[in-house]
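# Fold and contact review
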Amino acid sequence: MSKEIFVTKSSMPPMEEYISMIKPIWDSRWLTNMGKFHNELEKELCEYLDVEQVSLMVNGHMALELAIQVMDFPKGGEVITTPYTFVSTTHAILRNGLVPVFCDIKEDFTIDEEKIEALITEKTVAIVPVHVYGNICNVERIQEIASRYDLKVIYDAAHAFGESYQGRGIASFGDLSVFSFHATKVFHTIEGGAVCSSDRDVYERLYDLKNFGIRSEELVVSVGANAKMNEFAAAMGLCNLKYMESNIFKRKEIAELYEKKLAGCEEIVLNVHNPDVVSNYGYFPLLFSDEETRNKVYDRLKSRGIHTRKYFYPLTSDQVCFNDQYKDTKLDRAREYSKRILVLPIYPDLEEEVVVRVAEEIICLVSN
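Residues numbered from 1 in each chain as written. Predicted model: local features only at pLDDT ≥ 70, side-chain atom pairs only at ≥ 80, totals over all residues. Heavy atoms only, no water.

### Quick notes on the overall build of the protein
What the protein contains, in helices and strands, is 11 helices and 15 strands. Rg of the C-alpha trace for the protein: 21 Å, near the compact-globule value of 21 Å for 368 residues, within the 12% margin. When burial is assessed residue by residue, the protein has 55% of its 368 residues classed as buried. Considering only residue pairs separated by 6 or more positions, the protein has 71% of its internal contacts joining residues 24 or more positions apart. Taken together, the 41 basic and 57 acidic charged side chains of the protein have centroids lying 4 Å from each other. (Helix = DSSP H or I, 4+ residues; strand = E, 2+ residues; numbered from the N terminus. Rg over C-alpha atoms; globule rule 2.2 N^0.38 Å. Buried < 20%, exposed > 50% of the residue type's maximum accessible area, 1.4 Å probe, protein only. Contact = heavy atoms within 4.5 Å. Lys, Arg positive; Asp, Glu negative; His and termini not counted. Charge placed at Lys NZ, Arg CZ, Asp CG, Glu CD.)

Following this line, the structure appears as structure tokens:
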């Protein structure tokens, strides 16, 4: 191939449309601090996601960190979560002075809800599950457990923007749901994130946390951080939101082509779609028969200019920054899957011939 193919490519609106959108910024010089575009995007996302409150943030990590902070958990409290996620999830827990307690995963890569209860102690304060590759956690069972033990549920929904489960927007589950609007995501604001809730009081407290607690020129009501989304990012979000449905449809076509070409290959396990979930087709994960085969495919495709991703490998719990602290934690499936996983390129304008070529390369490699 003459050009590099990456695992994702940022969706962009027509340049002229974005330029036209941001022209008023030059007149107003209102670049940040909850300006016109920031407020418009919060309103439009409430409608699109079918939630009552959306608090925009500078990025997805700060959205998650402040979502945990706004709950005011006691320091040292335990949070049950998954190791099969981006490190941000774990870092957000730790940076709030809390202790992550890792739970193994199921075949769909999400937290194994039937193993959560055994991990609950008198110190447990919350569950932070993660929707993975657009696969939705068992929200009913998790809520049942949380209600029984009086625990909060904060969903890391970075992979699930725009999805619904049984006709209900995914952002409406749990006490809070958190999104990343990083440039690699299905919907992006270049950098950005959001916390979704049904509680106006939570929205007001998040406002204080993301804006130093400033309420007026002379009034600071609480101690906060700086996690505001700027106007250029919000304008990008407003532009991109117009193209969400068409982009998801294109992603669906690409995913279906991959599935058609890879079907029947015994050395590969394809992602299984829940019929109750309307997917955003943000990722196309494959499980290979073993780590050696996965690595062989990764290396060969890379040598052909096709960049896949071992996502998530290693597990967040096994990263060197934790100094083997969790090496004895029983995470059999999560560790196995992390060694066998490979995420293939998928984005709206990925050419059909590239999809076919990638599939053919994989079949050839695993069959020999």
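There's more to say after this.
### With respect to the packing of aromatic side chains
In total, this model carries 20 aromatic pairs according to the counting rule given. Consider the rings of Tyr84 and Phe109, whose centres lie 5.6 Å apart with planes at 25 degrees: the pair is stacked. Linking Tyr84 in the loop between β2 (78–81) and α4 (87–94) with Phe109 in the loop between β3 (99–102) and β4 (124–128), this pair joins segments that are 25 residues apart in sequence. Residue Tyr84 is classed as buried on the basis of its relative accessible area, which comes to 0%. In textbook terms, an aromatic cluster arises when at least three aromatic residues are bridged by ring pairs, as seen for Tyr84, Phe109, Tyr133, Tyr283, Tyr311, Phe312 and Tyr337. Here Arg168 stacks its cationic end above the ring of Phe173, 4.0 Å away from the centre of that ring. (Phe/Tyr/Trp six-rings, centres within 6.5 Å; stacked < 30°, edge-to-face > 60°. Lys NZ or Arg CZ within 6 Å of the ring centre and 35° of its normal.)

### Regarding helix α1 (residues 15–28)
Across its 14 residues, α1 extends 21 Å between first and last C-alpha, which sits within 8% of the 20 Å expected from 1.5 Å per residue. At Met21, α1 shows its maximal kink, close to 30 degrees; a proline, Pro24, follows between one and four residues later. The complete set of buried residues in α1 reads Glu17, Tyr18, Met21, Ile22 and Ile25. Buried residues in α1 make contact with α2 (36–49) and α7 (231–241). Within two residues after α1, Arg29 carries a phi angle of roughly 60 degrees, on the positive side. (Expected span 1.5 Å × (residues − 1). Bend = angle between axes of the 7 residues up to and from the residue.)

### Here we look at unusual backbone geometry
Pro314 follows Tyr313 through a cis peptide bond whose omega is -10 degrees. Structurally, Pro314 can be placed in the loop between α9 (291–303) and α10 (332–340). Of note in this structure, Asp150 is not a glycine but carries a positive phi near 55 degrees. Within the secondary structure, Asp150 sits in the loop between α5 (139–149) and β5 (152–156).

### Observations concerning helix α8 (residues 244–262)
The terminal C-alpha atoms of α8, which comprises 19 residues, lie 27 Å apart, in line with the 27 Å expected from a rise of 1.5 Å per residue. Taken residue by residue, α8 has Met244, Asn247, Ile248, Arg251, Ile254, Ala255, Leu257, Tyr258 and Leu262 as its buried positions. The inward-facing, buried residues of α8 contact α2, α7, β12 (268–270), β14 (284–288), β15 (341–344) and α11 (352–366).

### Topic: the sheet that holds strand β7 (residues 168–169)
Spatial strand order, β7-β6-β13: 3 strands in an open sheet with antiparallel pairing. Both edges of this open sheet fall to β7 and β13 (277–278), since each of them pairs with a single strand only. Two elements, strand β6 (residues 164–165) and β7, share 2 bridges in a ladder whose sense is antiparallel. Directly across from Tyr165, in β7, lies its bridge partner Arg168. (Pairing = 2+ DSSP bridges.)

### Some words on the pairing of β15
Both faces of β15 are covered, namely the face carrying Ile341 and Val343 and the face carrying Leu342 and Leu344. Two elements, β14 and β15, share 4 bridges in a ladder whose sense is antiparallel. Across the sheet, Leu286 pairs through a bridge with Leu342, a residue of β15.

### A few points about the side chain of Ser55
Mapped onto the elements of the fold, Ser55 is located in strand β1 (residues 53–57). Side-chain polar atoms of Ser55 contact the side chain of Lys210, separated by 3.4 Å. If sequence neighbours within four positions are ignored, Ser55 has contacts with Glu42, Gly193, Ala194, Val195, Tyr203, Leu206 and Lys210. (Polar contact = N/O pair within 3.5 Å; in protein donor to acceptor, adjacent residues only side chain to side chain.)

### A short note on the sheet that holds strand β9 (residues 193–197)
Strand order in the open sheet formed by 7 strands is β1-β9-β8-β5-β4-β2-β3, and the pairing between neighbours is mixed. The strands lining the two open edges of the sheet, one partner per strand, are β1 and β3. Averaged over all adjacent pairs, the angle separating strand axes in this sheet is 25 degrees, with direction ignored. Looking at chain direction, β2 and β4 are connected through 4 bridges and run parallel. Note that in β4 the partner of Ile80 across the bridge is Ile127. Contacting β4 and β5, α5 runs over the sheet at an angle of about 150 degrees to β5. Strands β1, β8 (176–180) and β9 of the sheet are contacted by helix α6 (residues 200–210), whose axis makes an angle of about 10 degrees with β1. (Axes fitted to C-alpha atoms, helices over the stretch in contact; angles between N-to-C directions.)

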